[in-house]
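Given next are the chains, with one letter for each unit.
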Amino acid sequence: MLNQRRHANLHTTDIAVQIIFIIVGFFLLGFIARKFISEPTILVKWLNNFIIYLAMPSLILLKVPSLDISAEMVVPAGVAWAWVLVGSLAVLALSRWQGWPRNTEGAMLLLVTMCNSSFLGFPMVLAFFDDAVLAYAIFFDQLGGFLILSTFGLITIAVYTPTSTMSNDELVSLRMIIRRVVTFPPFIALLIALFAPIDSILQIANPFLSLLSEPLMPMALFVLGVQFQPKLLPEHRVPLSVAIGLKMIVAPLFGVAVLMTMGISGDVRTATVFELAMPSMMTPGLMAIHAGIAPRFVATLLGYSTVFAFISLPIVAWCLA
């Protein structure tokens, strides 16, 4: 039995290492390809359109109908939502204090509050922990990260999308926010997945939806690689450092403090804190780039936070062991 368990752990670690190589590989592929692409802006626009209009809605239609809400999900998801509140307040306070541009503030709201809890989070959990921890990580992702993206993320995108023909007051009007949210393809897919009787249709369409959703993360990594510029603009250095510090240092410490206060330990604590320590989520970053919200800052922050994660996550895992 012990040998079987060791073999299983080695197998999951091997899978995690392979996925990490895939993550780095597609990101580097995009970064290298940039030098050979005559019009990278046009390519990024087409790939972003595929992600926003086809891949993301397909993923939502695949994942949302299978959600099975139970009491066990409350703690990881609740802490994820609590960090959205605390992280947002911290970003807004620092932005007002430092006088950062509005689009930088919007990008930080998206990337500080949401983490890469599934694509990078799940294999990293398996690399350092076991299936019991993974189960709570799934709860964190589905009712925390995924629903946060579908609600808070979409509203933030709607509020901070720049529109040259409108004043700031018109830009943040309730009517404009509602119009942008309800016409956003992932939100339409969310409404269909939650309320439309489509179970029989999904059984037939699942292979097609899987085909459309599977390229999402590799394509996202490629797009980020194309847009990633290691050289920081002077005006990006402080907000980028603050964003990475909040997301990957303050967020897990916040999780530890909340769970200690609640007297919660074990697998729930491990999964929740480890997921909070993940780098910024790629999907809201791509949504921000698609909407024109500080695209260079977003791509740079996503790139640096992902690289930093390969150093910080082993340290967090060691502390939680």
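The structure displayed is predicted, hence computed values, not measured ones.

Engineer: Break down the environment of His 290 for me, citing the residues and quoting the values.
Structural biologist: Among the secondary structure elements, His 290 is positioned in helix 14 (residues 282–291). Given the relative accessible area of 29%, His 290 is considered partly exposed. C-alpha of His 290 to C-alpha of Asn 48: the two residues are 242 residues apart in sequence and 6.2 Å apart in space. In this structure, His 290 is in contact with Asn 48, Asn 49, Ile 52 and Tyr 53, ignoring residues within four places of it in sequence.

Engineer: Could you give an account of the pattern of salt bridges, with specific residues and numbers?
Structural biologist: If you walk through the whole model with that rule in mind, you get one salt bridge. The partner of Arg 96 in a salt bridge is Glu 105, and the shortest N-O contact between them spans 2.2 Å. Its relative accessible area of 57% is what places Arg 96 among the exposed residues. You can call Glu 105 buried: its relative accessible area is 5%.

Engineer: Hey, could you go over helix 2 (residues 40–63) for me, with residue numbers and the actual values?
Structural biologist: Because each turn of an α-helix spans 3.6 residues, side chains separated by three or four positions in sequence point in the same direction. The largest bend in helix 2 comes to about 40°, at Ile 51. All buried positions along helix 2 are accounted for by Pro 40, Val 44, Leu 47, Asn 48, Ile 51, Ile 52, Ala 55, Met 56, Pro 57, Ser 58, Ile 60 and Leu 61.

Engineer: Describe helix 3 (residues 74–98), with residues and values.
Structural biologist: Its 25 residues place the ends of helix 3 36 Å apart at the C-alpha level, agreeing with the 36 Å of an ideal helix rising 1.5 Å per residue. Listed as buried for helix 3 are Pro 76, Ala 77, Val 79, Ala 80, Trp 83, Val 84, Gly 87, Ser 88, Val 91 and Ser 95.

Conventions we followed
- Residues numbered from 1 in each chain as written.
- Predicted model: local features only at pLDDT ≥ 70, side-chain atom pairs only at ≥ 80, totals over all residues.
- Heavy atoms only, no water.
- Helix = DSSP H or I, 4+ residues; strand = E, 2+ residues; numbered from the N terminus.
- Buried < 20%, exposed > 50% of the residue type's maximum accessible area, 1.4 Å probe, protein only.
- Contact = heavy atoms within 4.5 Å.
- Salt bridge = Lys/Arg side-chain N within 4 Å of Asp/Glu carboxyl O.
- Bend = angle between axes of the 7 residues up to and from the residue.
- Expected span 1.5 Å × (residues − 1).

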